[in-house]
Amino acid sequence: MATITLDTVRKVYGGAVEAVKGVSIDIADGEFIVLVGPSGCGKSTLLRMVAGLEDITTGEIKIGDKVVNNVDPANRDIAMVFQNYALYPHMTVYNNLAYGLKNRGMAKDEIDRRVKEAARILEIGDYLDRKPRALSGGQRQRVAMGRAIVREPAAFLFDEPLSNLDAKLRVQMRVEIKRLQKSLKTTSVYVTHDQLEAMTLADRLVVLNGGNIEQIGAPIEVYDKPASTFVASFIGSPAMNLLKVKTDASGLAFETGAGLSGANPHGRDRYIAGVRPEHLDVVPAGSPEAALTLKAKVNVLEPVGAESYLYAECGDGGPEIVIRVESHAHFEPGQEIVLSAKAKDVHFFDADTGRRIDG
Amino acid sequence: MKKVQFDSRLTPYILLLPQLAIVAIFFLWPAAEAVRSSFYLEDPFGFGSTFVGLDNFKDVFADSNYGRVVRFTGVFTFCVTFFSLAIALVLAVKADKVIHGSSAYKTLLMWVYAVAPPVAGLIGIFLFDQHVGPIVKMFKALGWDMRIGVNYNDTGFAMVVVAVWKQIPVNFIFLLSGLQGISKSVQEAAAIDCPSGFRRFWTVTFPLLAPTGFFLLIINITYALFDTFGVIDVLLKTQPGDDPITLVYKVYQDGFRGNDLGGSSAQSVILMVVVFVLTVIQFRLIERRVHYN
Ligand SMILES: Nc1ncnc2c1ncn2[C@@H]1O[C@H](COP(=O)(O)OP(=O)(O)OP(=O)(O)O)[C@@H](O)[C@H]1O
Ligand SMILES: [Mg+2]
């Protein structure tokens, strides 16, 4: 177990592509950190630099107190779970788990004890004599996990370990990884582009965009106070509604026309206003003005079972927004509705930079 | 795939005919002829032949020189196979580290395959030229006066070196593509699991290369046994005295130089059996060839 410290870490591929642009993160001992962001934002690159599989262009990575920039992957005391599992195809499951221990000269009975223990925890005891090709995707995934935990390393590194599993298995393994990490208390860095996985697993989220950190924080903090429009639209599903607004004498208004009203909160003349689908209420016409009130026309209703999503068009030809409504609600296409949001649920971002405006 | 039906039931056979004719004329017929004449004693001047049963075979096995040639062929085949594979493996591992899947390099390396064997053969033979060959001169400077085509061991050594030299490009290309076929993330997992690069190679890379290796092993044995005829012939300048020769060369020597068609045919029948056994082994291996996915 150890802390991991990244200090302005940069990665430039082939002198041209800057995949990671000076990232600093302090990871506490035993913490579960999730790196999340869209494809190509540099998550894998960052993780692979921690693993030692990729050179660090500039900056410094420490595991514990030791700077590991020039330490071989095998000597960093980390274990990694790969997206395609990367099991050794010519070895049995037992040997896949034992390989990393044998190479470090561990005694046979200690290896056996650890392999059996990991197999018990992960319920792969029945397959120990099989080769990986005789296992299902889910079983391979468990073996890959097992290979990491037998090592009892200072840190686990995961690169989208669940993305090759079907939806149901993914949820199941997600819960299991979380439980396992809580009981082992091993510092973990987990890469995913799935915001739900990120939210549920993380002690702290690191949202990456184009090689930069957009925001670091506990999942609920990131959800409640997204630092930018990028984070706002990336975390939460369906994504937050983002509306371009201007201000006039009466307060907020759409740039394109009527349909929106509310008080100007920060005394500026342009904003991007954000409100999550779950924070919009359909209210009877003529209700008292809220922090944000919208008039809209229903396009479609999309039931997903536990709830439904209502897609509606604001004002005359304004932006389309999404509203979460209860599952059996009934709306007709073309129906006129009034929506309101409370002050604490409306986020304001700088119209040019997209950064959050607070206070 | 769409299944095409021929109008006439004869068409497929007509289409196959040229290939079948080639097999018949250039393989089956000579083979049958060899088997037939291995049972006859041919008159050296071409005035008919006498049936002698298995006498030709008995003569072959009784000939002490034949044993000597078998031994040399064995040593030669082992050395050529071992060294051409080992050297090619070292080169392929080094190249694999550099090219990292860059296709430009791969295309360049294919040229080695396309151009090298004949040219390499010529260069190799030049290197061992008795009068101007740099290798001969080098060894002379080191105190080894090589006498190619005269001294048994010197000639054998030169044969092995030229044959190995000629085969390296072929092995290199196959081994390199085998190495490139090994999953990158498996190698990365090994980099995390195993501190020693040497050990990592023997426990992960090498076993994953085994299917390619088995295949090449058979290819190389066949090469050393049969395809080295030209190299040997040039080095011996078609005047083998007390020189090392392989079984195939002996067939040629006895049949065309010694005019002993019967004995020579008996020897080629024995070689056919060897080829047959090798082919069976190869098919078995390919069938069982481990497919890692
Ligand atoms: N070996 C490489 N050479 C050049 N550029 C690379 C290399 N590897 C990655 N990149 C580039 O670096 C950027 C970040 O890549 P990275 O693999 O870290 O993305 P990612 O966030 O993991 O994306 P994904 O979710 O698709 O896996 C991308 O623009 C990618 O094209
Ligand atoms: Mg990635």
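These figures come from a predicted structure and were not determined experimentally.

1. Side note on the packing of helix H2 (residues 93–102) of chain A against helix H3 (residues 108–122) of chain A
Residues and elements named next belong to chain A. Running from N to C, H2 and H3 cross one another at 135°; their axes reach a closest spacing of 10 Å. Considering the angle they form, H2 stands oblique to H3. Crossing of H2 against H3: the hand is right-handed. Counted together, Tyr94, Leu97, Ala98, Leu101 and Lys102 of H2 and Ile111, Asp112, Arg114, Val115 and Lys116 of H3 form the full contact between these two elements. Class assignment for the residues of the contact of H2 with H3 results in six nonpolar, no polar and four charged.

2. What about the site of ligand 1?
Residue and element names in this part refer to chain A. Neighbouring ligand 1 are the residues Tyr13, Ala19, Pro38, Ser39, Gly40, Cys41, Gly42, Lys43, Ser44, Thr45 and Glu160. For ligand 1, an oxygen atom lies 2.5 Å from a polar atom in the side chain of Ser39. Within the contact set of ligand 1, an oxygen atom lies 2.5 Å away from a side-chain nitrogen or oxygen of Ser44. Burial of ligand 1 by the protein chains amounts to 58% of its free accessible area of 640 Å². It is helix H1 (residues 43–51) that provides the largest number of residues to the shell around ligand 1, a total of three residues. Taken together, the residues that form the shell around ligand 1 break down as four nonpolar, five polar and two charged.

3. Points about the UniProt feature "transmembrane region" (unreviewed entry) in chain B
Residue and element names in this part refer to chain B. Under the present numbering, the feature "transmembrane region" (unreviewed entry) in UniProt falls on residues 12–32, 69–93, 105–128, 156–179, 200–226 and 266–286. Spanning residues 12–32, this segment combines 100% helix with 0% strand, and its end C-alpha atoms are found 27 Å apart. Strand forms 0% of residues 156–179 and helix 100%; the C-alpha atoms that close the span are 33 Å apart.

4. Details of the interface of chain A and chain B
Taken together, the contact between chain A and chain B spans 24 residues of the former and 20 residues of the latter. Buried area between chain A and chain B, both sides added, is near 1900 Å², and the carbon and sulfur share of it is 59%. The interface formed by chain A and chain B includes two salt bridges. We note a salt bridge from Glu188 of chain B to Arg48 of chain A, for which the minimum N-O separation is 2.8 Å. Partitioning the side of chain A that touches chain B into residue classes produces 13 nonpolar, five polar and six charged.

5. Regarding the nonpolar core
Membership of the largest hydrophobic core comes to 102 residues, with the highest contact counts inside it found for Leu35 and Leu46 of chain A together with Phe128 of chain B. Ranked by residue count, the leading element in this core is helix H3 (residues 64–99) of chain B, at 13 residues. Once you skip the residues sitting within four places of it in the chain, Leu46 of chain A turns out to touch Leu6, Val9, Val20, Val23, Ile25, Leu35 and Leu208 of chain A. Val36, Ala79, Leu87 and Ile149 of chain A belong to the second largest nonpolar core, which has 45 residues in total.

6. A short note on a nonpolar patch on the surface
A cluster of nonpolar side chains, namely Phe78, Phe82, Phe83, Ile87 and Leu91 of chain B, defines an oily patch on the protein surface of about 490 Å² accessible area. Inspection of the secondary structure assignment puts Phe82 of chain B in helix H3.

7. A few points about the packing of aromatic side chains
Using the criterion set out here, one finds 28 aromatic pairs over all chains in the structure. Ring geometry for Phe39 of chain B versus Phe57 of chain B: centroids 6.0 Å apart, planes at 50°, classification tilted. Of this pair, Phe39 of chain B sits in the loop between helix H1 (11–37) and strand S1 (40–42) while Phe57 of chain B sits in helix H2 (residues 55–62), and the two are 18 residues apart along the sequence. Members of the aromatic cluster, each reached through a chain of ring pairs, are Phe32, Phe156, Phe158 and Tyr190 of chain A. When the ring centre of Tyr223 of chain A is taken as reference, the NZ or CZ atom of Arg276 of chain A above it lies at 4.1 Å. Note that Arg36 of chain B overlies the ring of Tyr40 of chain B, its terminal NZ or CZ placed 5.0 Å from the centroid.

8. With respect to the UniProt feature "domain: ABC transporter" (unreviewed entry) in chain A
Mapped onto this numbering, the UniProt entry annotates "domain: ABC transporter" (unreviewed entry) at residues 4–235 of chain A. Secondary structure content for residues 4–235 of chain A is 37% helix and 26% strand, and the end C-alpha separation is 25 Å.

9. Comments concerning the pairing of strand S8 (residues 187–192) of chain A
Residues and elements named next belong to chain A. Across the six residues that make up S8, a large majority, six, are buried. Here S8 shows no split at all, with Thr187, Val189 and Val191 on one side and Ser188, Tyr190 and Thr192 on the other all buried. Alignment of strand S7 (residues 155–159) against S8, held across five bridges, turns out to be parallel. Counterpart to Ala155 in the pairing with S8 is Thr187. Note that the unit made of S7, helix H5 (residues 167–184) and S8 has a crossover that is right-handed.

What counts, and at which threshold
Residues numbered from 1 in each chain as written. Chains lettered and ligands numbered in written order. Predicted model: local features only at pLDDT ≥ 70, side-chain atom pairs only at ≥ 80, totals over all residues. Heavy atoms only, no water. Axes fitted to C-alpha atoms, helices over the stretch in contact; angles between N-to-C directions. Helix = DSSP H or I, 4+ residues; strand = E, 2+ residues; numbered from the N terminus. Parallel < 35°, antiparallel > 145°, perpendicular 65-115°, else oblique. Left-handed = near helix turned anticlockwise from the far one by under 90°. Contact = heavy atoms within 4.5 Å. Nonpolar A, V, L, I, M, F, W, Y, C, P; charged D, E, K, R; others polar. Near = heavy atom within 4 Å. Polar contact = N/O pair within 3.5 Å; in protein donor to acceptor, adjacent residues only side chain to side chain. Areas by Shrake-Rupley, 256 points an atom, 1.4 Å probe, with all protein chains shown as cover. UniProt positions renumbered as here; feature names shortened; annotations may be inferred. Buried area = accessible area lost by both parts, 1.4 Å probe. Salt bridge = Lys/Arg side-chain N within 4 Å of Asp/Glu carboxyl O. Core = buried A, V, L, I, M, F, W, Y, C linked by side-chain atoms within 4.5 Å. Buried < 20%, exposed > 50% of the residue type's maximum accessible area, 1.4 Å probe, protein only. Patch = residues over 30% accessible without salt bridge, like charges linked within 9 Å, V, L, I, M, F, W, Y side chains within 5 Å. Phe/Tyr/Trp six-rings, centres within 6.5 Å; stacked < 30°, edge-to-face > 60°. Lys NZ or Arg CZ within 6 Å of the ring centre and 35° of its normal. Pairing = 2+ DSSP bridges. Right-handed = clockwise from strand over helix to strand, strands pointing away.

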